[in-house]
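Coordinates in review
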Amino acid sequence: MTPARANMSSGSRNNGRIARHERLKIRSKIISAIRSWLEGEGFLEVHTPILVNTLAPEPYIETFRTTDVHGSGSMYLIPSPELNLKRLLSEGLNRIYQLGPVFRRGERGDRHLPEFTMLEWYRTDADYKDLMADCEAILQTTAKAIGLDGEGVVYGRNVIDIRPPFTRLTVEDAFIRYAGWCPGPWPDPNRFNEDMATKIEPGLPKDRPIFLMDYPASCAAMARPKPSNPSVAERVELYIGGIELANGFSELTDRYELEERFREWTITRKRLGFRDYPWPQRFISCLDSLKPCAGMSLGVDRLVMLLTNTSRIDDVIAFTPEVS
């Protein structure tokens, strides 16, 4: 009985390894297709530092701290290349992207990793509507690159129609429909976040991709206010099959408004017991020459999960953090 068990266990491990290797091959095709599409649209791939000496003081994102090569100060692994990408835009580049690792402390689960792969791209003279069109094209392109027909994908028990245009739904309409209340521009953050996680996200349709857009002003992050309705911000998130896949903004380029947000975030971080970051003065200064622009981040690991019908993020990466 013992040898039989060993053989079954070995076979199971080998089958699991083969399946993971096949997903890694598909992952490579997806990443190649992303790069090909972006380059065809005139985007330049850039590589900004992964280890930086300051960050945006976002209240609910923590990363990893280390020391610089001389041991003389704190350095941080990037949770996003956003600040440095915008600095490049301010120097005159118009369409750029970065595809590589980012880091979030305290994130681990079936859809979360402390180190994951993010695609982040920016367009000048654009807004969040352009980003939504980009997302539609990227999903079509990557699906076709791995042999799907560009019309539908299967994820879990759902057949998802991925033909554009994807559904658009405002946050206000989503809360009225799925939570029974209107958040307004300044909702209670605890109630808003809890209902978003327990009512809105589970309630969104699973048979179509959906853009959740126009977030309350207090949830703007680094998005600009909507010109026709300043009580909301031009922020959008893409959900597909219950997976939050992408997050983007028509970017706020008003230096003084963004400085005020950073000060408020710093206060919130102190209240939550998080460390202070050095003030990102180089980024703040670049806003004086930053043209109107829009930027989007997309979780590549989650995209691979979606297109391979895989429920665990561990199964679409080469090594998990625990064995790396």
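Details of the structure are given in the entry above.
The model shown is predicted, which means the values in this text are computed figures rather than measured ones. (Residues numbered from 1 in each chain as written. Predicted model: local features only at pLDDT ≥ 70, side-chain atom pairs only at ≥ 80, totals over all residues. Heavy atoms only, no water.)

**With respect to helix α5 (residues 189-203)**
When the terminal C-alpha atoms of α5 are compared, their 20 Å separation across 15 residues agrees well with the 21 Å that a helix rising 1.5 Å per residue should span. Of the positions making up α5, those classed as buried are F192, D195, M196 and I200. Considering only its buried residues, α5 is in contact with α4 (171-178) and β10 (210-216). One side-chain oxygen of the residue at the start of α5 lies 3.2 Å from the amide nitrogen of N190, identifying that residue as D188. (Helix = DSSP H or I, 4+ residues; strand = E, 2+ residues; numbered from the N terminus. Expected span 1.5 Å × (residues − 1). Buried < 20%, exposed > 50% of the residue type's maximum accessible area, 1.4 Å probe, protein only. Contact = heavy atoms within 4.5 Å. Polar contact = N/O pair within 3.5 Å; in protein donor to acceptor, adjacent residues only side chain to side chain.)

**Observations regarding the layout of surface pockets**
Each pocket or cavity is described by its volume, and for the second largest pocket that value is around 380 Å³. Around the second largest pocket, the lining comprises 25 residues; the ones closest to its centre are V52, T54, L55, L83 and N84. At the level of secondary structure, the elements contributing two or more residues to the lining of the second largest pocket comprise β2 (51-52), α2 (82-90) and α7 (281-286). Residues belonging to the lining of the second largest pocket are distributed by class as follows: 15 nonpolar, six polar and four charged. (1 Å grid on protein atoms, 1.4 Å probe; cavity = no way out; pocket = protein on both sides within 12 Å on 5 of 7 lines; lining within 4 Å. Points joined across faces, edges and corners; volume = space filled by probe spheres on them. Nonpolar A, V, L, I, M, F, W, Y, C, P; charged D, E, K, R; others polar.)

**Points about the pattern of salt bridges**
Inspection of every chain in the model, using the stated rule, returns 25 salt bridges. K86 is the salt-bridge partner of E251, the closest N and O atoms lying 2.6 Å from each other. In this pair, E251 is assigned in the loop between β13 (243-250) and α6 (255-272) and K86 in helix α2, connecting sequence segments 165 residues apart. Across this residue pair, the class does not change: E251 and K86 are buried. One connected set of salt bridges, linked through shared partners, spans R108, R312, D314, D315 and E322. (Salt bridge = Lys/Arg side-chain N within 4 Å of Asp/Glu carboxyl O.)

**Some thoughts on the packing of helix α3 (residues 128-145) against helix α8 (residues 300-308)**
α8 packs onto α3 with a crossing angle of 55° between their chain directions and a minimal axis gap of 11 Å. Judged by the inter-axis angle, α3 sits oblique to α8. In this structure, the crossing between α3 and α8 has a hand that is right-handed. Between α3, through L139, T142 and A143, and α8, the contact on the second element is made entirely by L303, L306 and L307. Across the contact of α3 with α8, the residue classes break down as five nonpolar, one polar and no charged. (Axes fitted to C-alpha atoms, helices over the stretch in contact; angles between N-to-C directions. Parallel < 35°, antiparallel > 145°, perpendicular 65-115°, else oblique. Left-handed = near helix turned anticlockwise from the far one by under 90°.)

**Examining the packing of α4 against α5**
Helix-helix packing is described using two parameters, namely the angle between the two axes and the distance between the axes. At a closest axis distance of 10 Å, the pairing of α4 and α5 adopts a crossing angle of 80°. Considering their axes alone, α4 and α5 lie roughly perpendicular with respect to each other. Across the interface between the two elements, V171, A174, F175 and Y178 from α4 touch F192, D195, M196, K199, I200 and G203 from α5. Partitioning the contact of α4 with α5 into residue classes produces seven nonpolar, one polar and two charged.

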